[in-house]
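# Secondary and tertiary structure notes
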Amino acid sequence: MTQTLTVLGIESSCDDTAAAIVRLQGDKAEVLSSIVKGQNDLHAEFGGVVPEIAARAHAERVDICVEEALAESGYALSGLDAIAVTSGPGLIGGVLSGVMCAKGLSAATGLPLIGVNHLAGHALTPRLTDSVTFPYLMLLVSGGHCQFLIAESFDTFRRIGGTIDDAPGEAFDKTARLLALPQPGGPHVEKCAKDGDPKKFPLPRPLLNQPGCDMSFSGLKTAILRARDGVVAEKRGLTEQDRADLSSGFQAAVTDILVEKTRRALNEYFALEPENRVFAIAGGVAANGPIRDALMGLCREHNTEFVAPPLRLCTDNAAMIAYAGAVRFAEGANDPEHLTARPRWPLDKRAPALLGSGKKGAKA
């Protein structure tokens, strides 16, 4: 493709409302604007994201984000080629807010409408930021997802492992709540862990004795709860050092799990004999310093390029949605007017569901 495509992206799958303009020409992409409005202040007192509050905030902010993204890029709607929107998976109220905004803009302007899988947006981010070649190994590790994916093409992703229960980011948030640390939990647990002893509390590394790349973090969270209760029963409370030691032990356990499972995933990826060995990581947990450093060391050990997009493109954003939509549009995609919001949308439809199935299909 040599034509230039300029696409508006809209993202509202969880608690970040976002809009962005991306210009695609051939294999080169440029982020012209990226607006993200978080909701941490709205959910802080509840210790986690409240879906109804998130949905209402998305409905109030999504059009504002679009206006700001257009203004920052210098484009008007009439200058765009298409509109891309996250249509799943995610919290259904939030996804619906973005889809309805995109459908309204498409109906008013006549611009083509492209539905994008939120996970595909993350999985293609290394192409957006570093122009890596297929196939590459992707670890998507965030508050809602944790999967090893081999990206074979723009629309073909093979899942070779993932979490069978809590995602790591969710486990970080729950650990923060158990230790009375602020939300979001990831950065506060990491900060607290700096002054702790990772070996003070013997915590489990679930599934390391099992073959394959699947992971589990629920039992680790329970172990933190029991260790905390043991300290409270003994001391009638937690000291700052206790919090630091528990945080450090938890973070070390998550790091060990991710490193060992990544080692196994790399071996499976190497079996494809890729011309250029690339391991990429995205998602909020990718911002964790010790985890990132450990994975970088593993890649050096295996002579593999380590790619971590800038943090603003690792966490939820609309630039990745605009890029994924532009690529789909270049391949001829144009989703019909009945595009719907989907709470569940597995990226690899060939793989069995990690978390089981419900009436509406696979949960993950």
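Keep in mind that this is a model prediction, so the values were computed, not measured. (Residues numbered from 1 in each chain as written. Predicted model: local features only at pLDDT ≥ 70, side-chain atom pairs only at ≥ 80, totals over all residues. Heavy atoms only, no water.)

Each helix and strand counted, the chain has 11 helices and 12 strands in total. Whereas a compact globule of 364 residues would reach a radius of gyration of roughly 21 Å, the chain reaches 21 Å, a difference of no more than 12%. Taken along its principal axes, the extent of the C-alpha atoms in the chain is 65 × 50 × 40 Å. Burial status across the chain gives 52% buried among its 364 residues. Long-range contacts, defined here as pairs at least 24 residues apart, represent 70% of the contacts in the chain between residues at least 6 apart. For the chain, the accessible surface area stands at approximately 15600 Å², while carbon and sulfur atoms represent 50% of it. Both charge centroids of the chain, one from 37 positive and one from 43 negative side chains, sit 5 Å from each other. (Helix = DSSP H or I, 4+ residues; strand = E, 2+ residues; numbered from the N terminus. Rg over C-alpha atoms; globule rule 2.2 N^0.38 Å. Buried < 20%, exposed > 50% of the residue type's maximum accessible area, 1.4 Å probe, protein only. Contact = heavy atoms within 4.5 Å. Areas by Shrake-Rupley, 256 points an atom, 1.4 Å probe, with all protein chains shown as cover. Lys, Arg positive; Asp, Glu negative; His and termini not counted. Charge placed at Lys NZ, Arg CZ, Asp CG, Glu CD.)

You can see K235 is positioned in helix α7 (residues 218–235). When its relative accessible area of 42% is taken as the criterion, K235 is described as partly exposed. Taking the C-alpha atoms as reference, K235 lies 37 Å from P51; in sequence the two are 184 residues apart. Polar side-chain contacts of K235 include one of 3.1 Å to the side chain of D242. (Polar contact = N/O pair within 3.5 Å; in protein donor to acceptor, adjacent residues only side chain to side chain.)

A word on unusual backbone geometry. That bond from G88 to P89 is cis: its omega, -15 degrees, falls within 30 degrees of zero. Relative to the helices and strands, P89 is located in the loop between β4 (82–88) and α3 (92–109). Omega for the peptide link from F134 to P135 comes to -10 degrees, which places this bond in the cis form. The topology assignment puts P135 in the loop between α4 (118–130) and β6 (136–141). A positive phi is found at L207, a non-glycine position, where the angle reads about 70 degrees. Looking at where L207 falls in the secondary structure, it is placed in the loop between α6 (185–193) and α7. In this structure, N303 is a non-glycine residue whose phi angle is positive, near 55 degrees. By the secondary structure assignment, N303 is in the loop between α9 (289–301) and β10 (305–307).

This brings us to the confidence of the model for the chain. Across the chain, the average pLDDT comes to 91, with 97% of residues at or above 70. Note that residues 356–364 has pLDDT below 50 and, in this model, 19 contacts with residues that lie over four places away or in other chains. (pLDDT = per-residue confidence, 0-100.)

A few words on the packing of aromatic side chains. The relation between two aromatic rings is expressed through the spacing of the ring centres and the mutual angle of the planes. Taken as a whole, this structure holds 5 aromatic pairs when the rule is applied. Here F134 and Y136 contribute two aromatic rings whose centre-to-centre distance is 5.6 Å and whose plane-to-plane angle is 15 degrees, an arrangement assigned as stacked. Exposure remark for F134: the relative accessible area of 24% places this residue in the partly exposed category. Their ring planes at 45 degrees and their centres at 5.8 Å tell us that Y269 and F270 sit as a pair that is tilted. Here Y269 matches F270 in class, with each residue buried. Through successive ring pairs, a cluster of aromatic residues spans F134, Y136 and F154. Here the basic side chain of R277 rests over the ring of F270, its NZ or CZ set 3.7 Å away from the ring centre. (Phe/Tyr/Trp six-rings, centres within 6.5 Å; stacked < 30°, edge-to-face > 60°. Lys NZ or Arg CZ within 6 Å of the ring centre and 35° of its normal.)

The next point concerns the sheet that holds strand β8 (residues 156–162). Ordered by their spatial adjacency, 5 strands build an open sheet running β8-β7-β6-β9-β10, and the pairing between neighbours is mixed. Unpaired on one side and paired on the other, β8 and β10 mark the two borders of the sheet. Sheet twist, expressed as the average angle between the axes of neighbouring strands with direction ignored, equals 25 degrees. Here β6 pairs with strand β9 (residues 278–282) via 4 bridges, running parallel. Within the sheet, the bridge partner assigned to L140 lies in β9 and is A282. (Pairing = 2+ DSSP bridges. Axes fitted to C-alpha atoms, helices over the stretch in contact; angles between N-to-C directions.)

Membership of the largest hydrophobic core comes to 84 residues, with the highest contact counts inside it found for L139 and L258. Those residues in contact with L258 that lie beyond four places of it in its chain are L139, V141, C146, F148, M215, F217, I291 and L295. Judged by nonpolar contacts, the second largest core, of 23 residues, contains V66, L80, V95 and C101. (Core = buried A, V, L, I, M, F, W, Y, C linked by side-chain atoms within 4.5 Å.)

Glancing now at α6. Inspection of α6 places G185, V189, E190, C192 and A193 among the buried residues, and these make up the whole buried set. Seen end-on, α6 carries its buried residues on one side only, within an arc spanning 165 degrees. Residues of α6 that are buried sit in contact with α5 (168–178), α8 (240–270) and α9. (Arc of directions from axis to C-beta.)

When the terminal C-alpha atoms of α9 are compared, their 18 Å separation across 13 residues agrees well with the 18 Å that a helix rising 1.5 Å per residue should span. Within the span of α9, buried status applies to I291, L295, L298 and C299. Along the axis of α9, the buried residues cluster in a sector spanning 100 degrees; they form a single face. Relative to its buried face, α9 has exposed residues pointing more than 90 degrees away, namely R300 and E301. Elements in contact with the buried residues of α9: β6, α5, α8, β9 and β10. Where α9 begins, the side chain of N288 points an oxygen toward the backbone nitrogen of I291, at a separation of 3.0 Å. Backbone geometry just after α9 places N303 at a positive phi near 55 degrees. (Expected span 1.5 Å × (residues − 1).)

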